[in-house]
Amino acid sequence: MLINERTTCLVVGGGPAGLVLGLLMARGGVDVTVLEKHPDFLRDFRGDTVHASTLTLLDELGLGERFAALPQRRLDRAQVQLDTGTFQMADLRRLPGAHQHIAMVPQWDFLDLVADAAEAEPTFTLRRNAEVVALLHDGDRVAGVRYRDRTDGTEHELRAGLTVACDGRGSAVREAAGLTPRSFGVPMDVWWFRLPRHAEDPVGGVGRIGSGGFLVMIDRGDYWQCAYLIRKGADAEMRAAGIPQFRARITRLLPWLGDRMEALTSFDDVKLLDVRLERLRRWYRDGLLLIGDAAHAMSPVGGVGINLAVADAVATARLLTPALRSGGIVPLALLRRVQMRRWWPTALIQSGQRLAHRRILGDKAADPGRVDVPAGPPDTAAPGMFDTSGAGAAPTGTVPFPLSMLKRFPVLQGIPARLIAIGPLPEHAPEWARRAELPATRA
């Protein structure tokens with residue numbers, strides 16, 4: 001039996017972009033339905049950094065205190081350890097506004113918070129276990145979707161004045177619409193895994209770039225969420241070499257992790273992220289708009305993907321809500337305005353990521369044939385990793401020019417801090433979406 005339904009704005013994908021868009025449009029009086037494929041938001045190794053621009057948005061939406069009550073770690077400086085020493089790259093304490101930090105919060109907690117706020121709005125509906133299987137059309141215009149309820153197998157046709165695809169870099173809506181993004185080659189993939197964290201370990205995060213590879217570790221309290229770069233396409237060959245060799249690679253790169261490497265019992269504990277850098281030439285069709293990773297898949301460099309997607313959602317809501325509220329049909333000119341506003345910050349950030357891939361990360365991605373050589377004193381103990389005094393380990397050998405300038409003129413560290421934590425075009429909540437601060441519901 002086919003069930004027919006209707007909404008004004010249909011959002012496919014209950015990630016950061018989809019839920020923020022749904023919340024804003026509902027506060028603007030638009031009848032909005034969000035379809036989420038899964039029963040909950042509990043997926044590990046999702047992007048978990050909430051940057052200053054998004055923290056400011058949460059304040060504007062009256063959700064700042066609720067967010068602050070979530071278990072989190074805060075990062076106010078970004079440092080990296082090279083074979084030549086430890087260097088501070090960005091000082092977020094130089095940022096303007098109320099938030100001089102990046103919050104590291106499990107994404108499911110962030111999504112639960114936004115979903116709870118949205119479901120308090122009378123015109124908002126969230127449907128879980130709803131898998132999109134096809135687009136609906138009125139002539140050449142996209143008129144909604146057909147989706148399957150994964151709990152009972154029933155199929156539904158949900159028609160809408162506007163369909164917005166927020167369903168990620170593997171977007172089912174994008175594929176159904178026949179849209180193909182332009183792909184920018186990347187030299188690496190990422191292995192995600194967890195390691196136990198000890199009380200005496202560094203706080204906040206660890207970045208280690210050396211002759212043995214590139215490792216980023218995010219402080220989760222009692223464990224580290226780790227990202228290790230590997231050469232693009234090397235996953236199968238490196239797994240075939242066995243988990244003991246991988247443990248040895250990490251230990252050579254950071255010897256102070258050696259006492260906990262047995263936590264990786266097999267490669268079942270190591271998840272592959274197929275890194276992509278893509279962007280659609282055109283983000284819209286009549287009746288359809290794509291934002292976030294569905295329109296522009298980002299590299300993990302800088303951890304900016306979530307915050308860029310949220311900014312897309314805010315701009316979309318501000319530009320399109322009046323048209324949806326008055327008639328439900330959005331002209332192509334308005335969809336074009338969304339892309340024009342969000343295209344240039346996206347292209348700018350992706351250009352920076354491409355540069356980082358070529359100049360910094362490309363030759364650091366591990367491959368099966370590399371012999372990892374211990375780098376020397378800087379990586380022999382934990383205290384030098386995140387030196388909060390800013391001095392870092394005493395460098396020996398050649399220091400990259402940008403890092404030497406940042407060390408010599410600390411005021412310059414505010415520039416990368418702003419690019420990472422705020423971005424080139426931060427978006428702010430429209431007045432009709434703002435609320436007084438809502439009290440925290442968690443301790």
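Residues numbered from 1 in each chain as written. Predicted model: local features only at pLDDT ≥ 70, side-chain atom pairs only at ≥ 80, totals over all residues. Heavy atoms only, no water.

All right, on to a nonpolar patch on the surface then. A cluster of nonpolar residues, Trp 343, Trp 344 and Leu 348, forms a patch on the protein surface that exposes about 310 Å² of accessible area. Secondary-structure assignment places Trp 343 in helix H9 (residues 332-361). Trp 343 sits in the partly exposed class, given a relative accessible area of 36%. (Patch = residues over 30% accessible without salt bridge, like charges linked within 9 Å, V, L, I, M, F, W, Y side chains within 5 Å. Areas by Shrake-Rupley, 256 points an atom, 1.4 Å probe, with all protein chains shown as cover. Salt bridge = Lys/Arg side-chain N within 4 Å of Asp/Glu carboxyl O. Helix = DSSP H or I, 4+ residues; strand = E, 2+ residues; numbered from the N terminus. Buried < 20%, exposed > 50% of the residue type's maximum accessible area, 1.4 Å probe, protein only.)

So, about the confidence of the model for the protein. Looking at the protein, the pLDDT average stands at 86 and 88% of residues meet or exceed 70. Note on residues 373-396: pLDDT under 50 across the span, and 52 contacts to partners over four residues away in sequence or across chains. (pLDDT = per-residue confidence, 0-100. Contact = heavy atoms within 4.5 Å.)

Turning next to the packing of aromatic side chains. As enumerated under the stated definition, the model contains seven aromatic pairs in all. Both rings, one in Phe 67 and one in Phe 110, keep their centres 6.4 Å apart while their planes meet at 80°; by these two values the pair is edge-to-face. Of this pair, Phe 67 sits in helix H3 (residues 64-68) while Phe 110 sits in helix H4 (residues 107-119), and the two are 43 residues apart along the sequence. There is no split in this pair, since Phe 67 and Phe 110 are both buried. One aromatic cluster in this structure is built from Trp 191, Phe 193, Tyr 228, Phe 246 and Phe 267. Directly above the ring of Tyr 223 sits Arg 194, whose terminal nitrogen or CZ lies 4.1 Å from the centroid. One Lys or Arg, Arg 197, reaches over the ring of Trp 224 and ends 5.5 Å from the middle of that ring. (Phe/Tyr/Trp six-rings, centres within 6.5 Å; stacked < 30°, edge-to-face > 60°. Lys NZ or Arg CZ within 6 Å of the ring centre and 35° of its normal.)

Once that is clear, we can look at helix H11 (residues 414-421). Quick reminder: α-helices carry 3.6 residues per turn. Residues three or four places apart thus point the same way. Along H11, the residues that are buried comprise Gly 414, Ala 417 and Ala 421. One face of H11 carries all of its buried residues, which in axial projection span an arc of 60°. Of the residues flanking the end of H11, it is Gly 423, one or two places downstream, whose phi is positive at about 90°. (Arc of directions from axis to C-beta.)

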